[in-house]
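# Observations on chain architecture
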Amino acid sequence: MKTRNNSETSWALRLGQWGLPILAILLFLIFSLLLPDTYPTFSNIQGILSNQAIPAILALGAMIPIVTGNFDLSMGYGVGVAHVIVMWFLAYRHIGWGWICLMVVAGGAIVGLINGLLVEFAQIDSFIATLGTGSVLYACSGWITGGGRIVPPFKGLPLSFTKAYSFHLLGVPLAFVYVIVLVIVLGLILELLPFGRSLYVIGSNPRAAELVGVPKRRYTIYSFIAASSITGFAGCMLASQQQIGNPSLGSEYLLPAFVGALLGSTTIRLGRANAMGTFVAVAILAIGVSGIQQLGASFWVTPLFNGLTLLAAVGLAGYSSRRRLKAGAEATRKSMDK
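Only a predicted model underlies this, so the values are computations on that prediction, with no experimental measurement involved. (Residues numbered from 1 in each chain as written. Predicted model: local features only at pLDDT ≥ 70, side-chain atom pairs only at ≥ 80, totals over all residues. Heavy atoms only, no water.)

## Let's talk about helix 13 (residues 275-294)
- In this model helix 13 runs 29 Å from its N-terminal to its C-terminal C-alpha over 20 residues, within 8% of the 28 Å that 1.5 Å per residue would give.
- In terms of burial, helix 13 is a largely internal element, 15 of the 20 residues being buried.
- Where helix 13 starts, the residue carrying a side-chain oxygen 2.6 Å from the main-chain nitrogen of Gly-277 turns out to be Asn-274.
- Trailing helix 13 by a residue or two, Gly-296 shows a phi angle of about 85°, which is positive. (Helix = DSSP H or I, 4+ residues; strand = E, 2+ residues; numbered from the N terminus. Expected span 1.5 Å × (residues − 1). Buried < 20%, exposed > 50% of the residue type's maximum accessible area, 1.4 Å probe, protein only. Polar contact = N/O pair within 3.5 Å; in protein donor to acceptor, adjacent residues only side chain to side chain.)

Spelled out as structure tokens, the structure:
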């Protein structure tokens, strides 16, 4: 009987670990059957990879503070002000776009530093602190643009800048390549390096992290800096994609980013936010949203889908975390019995 229970638990854990990748494949097959002429085509796949690159980058950025048990709600407004700044400099100042992007990423790091200081030293809850800085960033977007849009000059934007997003490498959108590189880098840092493992310790038990010598405050601030730097990069890519500065653009990316980051903690590494899981979660969102849109659903169906998925993600994340803790407790008990 005990062997049967152990087997059922093992299968449940495996299903939880690989359930989302399987779901992503099933969703793609379902939409391919419903839309055989348009959905499974190479051009549609290219479009999905390209259109969902920015949400994926932001989801990977949002994942980093979540690892430490914090949330960065300024990301949606941050990507908005970042793309506005890029467009303003390209339209009104003669500076190379590479330098502009470096400046924007550095500015994002400063915003992350402010968020980290507010959370760790001012002891303001991350929800409130980052929502406050996000509101300030949104105000900055309106101030820079005067409430209007920034339109590029008559000669247009540099071709090399627009290709930074739209170029295809061996048929794969370059924007998607950025996502893959970011998944690999964050995966290696979080899973293999002491810094990444320390972030997980902080997220699971901040007090224990301090007792074992992990510099909790410093590492938490680093996580906010990394998230905001990635947001700045996403803003540069958003400017390259949109090719226009819109002060109201950006906030709609916040919900998909957190859905991806939270839902990602329910797969691959159960109960833990992780880069590969976030990538799979974003893939599910991309497949679902694209299929819904091609089926001709009303405009409100997409935010409904994202909202319901977020609620499911939060519930599943909590369930996965409890299952992980229970499995760890059972393993400890068995080792003590032996």
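Now that the structure is up, let's keep going.
## A closer look at the side chain of Ser-229
- Here Ser-229 is to be found in helix 11 (residues 216-242).
- A relative accessible area of 16% places Ser-229 in the buried class.
- Here Ser-229 is in contact with Val-105, Gly-108 and Ala-109, once residues within four sequence places are set aside. (Contact = heavy atoms within 4.5 Å.)

## Remarks on empty space enclosed by the protein
- The full count for this structure, using the stated rule, is one cavity of 30 Å³ or more.
- Of the voids in this model, the largest cavity is the one considered here, and its volume is about 30 Å³.
- Lining the largest cavity we find Gly-76, Tyr-77, Gly-80, Tyr-138, Ser-141, Pro-247, Ser-248, Leu-249 and Ser-251.
- Among the elements that line the lining of the largest cavity, the one with the most residues is helix 4 (residues 75-92), at three residues.
- Of the residues contributing to the lining of the largest cavity, the split by class is four nonpolar, five polar and no charged. (1 Å grid on protein atoms, 1.4 Å probe; cavity = no way out; pocket = protein on both sides within 12 Å on 5 of 7 lines; lining within 4 Å. Points joined across faces, edges and corners; volume = space filled by probe spheres on them. Nonpolar A, V, L, I, M, F, W, Y, C, P; charged D, E, K, R; others polar.)

## A look at the packing of aromatic side chains
- Inspection of the entire model under this criterion finds 13 aromatic pairs.
- Each ring, one from Phe-28 and one from Tyr-39, has its centre 5.4 Å from the other, and the planes form 55°; the classification is tilted. A residue pair is termed long-range when its members are at least 10 positions apart, and Phe-28 in helix 1 (residues 2-34) and Tyr-39 in the loop between helix 1 and helix 2 (42-51) qualify at eleven residues.
- Residue classification places Tyr-39 among the buried residues on the basis of a relative accessible area of 0%.
- Aromatic ring contacts, followed pair by pair, group Phe-28, Phe-31 and Tyr-39 into a single cluster.
- Geometry around Tyr-200 places Arg-272 over its ring, the cationic atom sitting 3.8 Å from the centre. (Phe/Tyr/Trp six-rings, centres within 6.5 Å; stacked < 30°, edge-to-face > 60°. Lys NZ or Arg CZ within 6 Å of the ring centre and 35° of its normal.)

## Quick word on a nonpolar patch on the surface
- Among the surface-exposed residues, Trp-18, Ile-22, Leu-23, Ile-25, Leu-26, Leu-29, Ile-30, Leu-34 and Leu-295 lie close enough to one another that they form a single nonpolar patch of about 870 Å² accessible area.
- When you line up the elements, Leu-34 lands in helix 1.
- Here Leu-34 falls in the exposed class, since its relative accessible area comes to 53%. (Patch = residues over 30% accessible without salt bridge, like charges linked within 9 Å, V, L, I, M, F, W, Y side chains within 5 Å. Areas by Shrake-Rupley, 256 points an atom, 1.4 Å probe, with all protein chains shown as cover. Salt bridge = Lys/Arg side-chain N within 4 Å of Asp/Glu carboxyl O.)

## Some words on the layout of surface pockets
- Approximately 550 Å³ is the volume found for the largest pocket.
- If you go around the largest pocket, you meet 23 residues; those closest to its centre are Asn-51, Gln-52, Pro-55, Tyr-253 and Val-289.
- Considering every element that reaches the lining of the largest pocket, the biggest residue donor is helix 13, with six residues.
- For the lining of the largest pocket, the class distribution of residues is twelve nonpolar, ten polar and one charged.

## Description of the pattern of salt bridges
- The final tally for this structure, using the stated rule, is three salt bridges.
- With its nearest N and O atoms 3.5 Å apart, the salt bridge here joins Arg-207 to Glu-210. With Arg-207 and Glu-210 both in helix 10 (residues 206-211) and three residues apart, this pair spans about one turn of that helix.
- Judged by relative accessible area, which is 40%, Glu-210 ranks as partly exposed.

## What to know about unusual backbone geometry
- Unusually for a residue other than glycine, Gln-123 sits at a positive phi of about 60°.
- Within the fold, Gln-123 resides in the loop between helix 5 (97-120) and helix 6 (126-145).

## Here we look at helix 4
- If you check helix 4, its first and last C-alpha atoms are 26 Å apart, about what 18 residues at 1.5 Å a residue would give, namely 26 Å.
- In terms of burial, helix 4 is a largely internal element, 14 of the 18 residues being buried.

## Quick notes on the environment of Thr-68
- By the element assignment, Thr-68 lies in the loop between helix 3 (53-67) and helix 4.
- Among the residues examined, Thr-68 registers a relative accessible area of 6% and is labelled buried.
- Distance from Thr-68 to Ser-198, taken between C-alpha atoms, is 9.0 Å for residues 130 residues apart in sequence.
- Those residues in contact with Thr-68 that sit more than four places away from it in its chain are Leu-199, Ile-202, Gly-203, Thr-220 and Ser-223.
- Here the side chain of Thr-68 touches Asn-70 through a polar contact of 3.0 Å, side chain to side chain.

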